[in-house]
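Examining the three-dimensional arrangement
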Amino acid sequence: MTISGFPFARFTGLRRAFARSAAGAALFALAGLAQAAPPYSGTIYLAPNLITAADPTEYAGVAYAGQGLRQMFDRRVNAYVYQNAYLFTVVYASGDYTQYVEAQVNPEFGSPAAAQAQVEFYAPVIGRIPRALRSQLSTLWIHAGDQPFGGGNNNLLIHTGSYARDYIARGILEETFVHEAAHTSLDPFHAGSMGWFAAQSWDREFISTYARDNPTREDIAETFLMWLAVRHGSARVPPDVNYTVLTTVPFRLQYFDSLRLNLAPYAYTHP
């Protein structure tokens, strides 16, 4: 995973502190002291209506590109494997914006048509999440199997079995992709930055036990979804969740505010 610095420009009070990397590191070292227990175990279940199938998508179409040897991560064996994958070019577009993503589908689905049906189901959903979360996305890996989704490596990993069915049944498929795509497009630039470390330490709490137990691996993804919810979709979020997020991680929220991310095509739903 590539880690780089933090491009802070407008949040003046934080900017001065973040420029002092040693001080930021010291603050982060204090983050583990006297912390309250996180209010949630995880965040993807907290706002199931944040993004729905009725919201706009930037998905513009898919074209079959034949089969080809690709290296794909498969959670069922917890390893990278080579597959003669079915390949598809997925297009996301709106106005002068166009993005191409290669969907690589495990040949276990049996035919190009069956593989394309999987792409055509998931690709429009991914098109509903904010464009900033697709900024580093190059490939989709799609397998069968009862394993959770994943993000990172310029990729989104999909297993179409019981976890996917649960995400769909609970109405959190889009929210799960927000979480995983935050790994893909935000973690490489922010998870190891002094700015994020300082925001963590100033908040002195984590939004979930999953974030607390994995502070450099999961805190960005766990918190970003909640930032999107309270800053841009509060009308679709239970009031108690809005209040808890706003009072638990205010400095992390301000960190994301400062990034001025492109959220298209997300539908703003403030009251």
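Residues numbered from 1 in each chain as written. Predicted model: local features only at pLDDT ≥ 70, side-chain atom pairs only at ≥ 80, totals over all residues. Heavy atoms only, no water.

**Overview of the overall build of the protein**
Definition in use: Secondary structure elements follow DSSP: runs of H or I no shorter than four residues count as helices, runs of E no shorter than two count as strands, and numbering proceeds from the N terminus. Relative accessibility thresholds used throughout: buried, under 20% of the residue-type maximum; exposed, over 50%; partly exposed, between the two (1.4 Å probe, protein chains only). Contacts between residues were defined by any pair of non-hydrogen atoms, one from each residue, lying within 4.5 Å. In these tables, accessible area is a Shrake-Rupley quantity obtained with a 1.4 Å probe, and a residue counts as shielded only by the protein chains included in the view.
A count of helical and extended segments in the protein gives 11 helices and six strands. Looking at the 271 residues of the protein, the share that counts as buried comes to 52%. If you take every contact in the protein between residues at least 6 apart in sequence, the share linking residues at least 24 apart comes to 71%. Accessible surface for the protein amounts to roughly 11,400 Å². Of this, 53% is attributable to carbon and sulfur atoms.

**Some remarks on helix 5 (residues 173–185)**
Rules: Multiplying 1.5 Å by the helix residue count minus one yields the expected span of that helix.
Relative to the 18 Å expected for 13 residues at 1.5 Å per residue, helix 5 spans 18 Å between its end C-alpha atoms, a close match to the ideal helical length. Within helix 5, 13 of the 13 residues are buried, leaving the element largely enclosed by the surrounding structure.

**What to know about the environment of Met226**
Inspection of the secondary structure assignment puts Met226 in helix 9 (residues 219–232). Ignoring sequence-local partners within four residues, the contact set of Met226 consists of Thr43, Leu46, Ile207, Val241 and Val245.

**A look at the pattern of salt bridges**
This is how it is decided: Salt-bridge detection follows one rule: a side-chain nitrogen of Lys or Arg within 4 Å of a carboxyl oxygen of Asp or Glu.
With the rule as written, the count across this model stands at 13 salt bridges. Here Glu58 ties to Arg131 by a salt bridge, and the two come within 2.4 Å at their closest N and O atoms. Of this pair, Glu58 sits in the loop between helix 2 (21–29) and strand 1 (59–74) while Arg131 sits in the loop between helix 3 (112–126) and strand 4 (139–143), and the two are 73 residues apart along the sequence. Judged by its relative accessible area of 2%, Glu58 is buried. Residue Arg131 is classed as buried on the basis of its relative accessible area, which comes to 17%. In this structure, Arg128 engages Glu174 in a salt bridge whose closest nitrogen and oxygen atoms are separated by 2.8 Å. You can see Arg128 sitting in the loop between helix 3 and strand 4 and its partner Glu174 sitting in helix 5, a full 46 residues away along the chain.

Function cannot be inferred from these measures alone, as they are strictly geometric.
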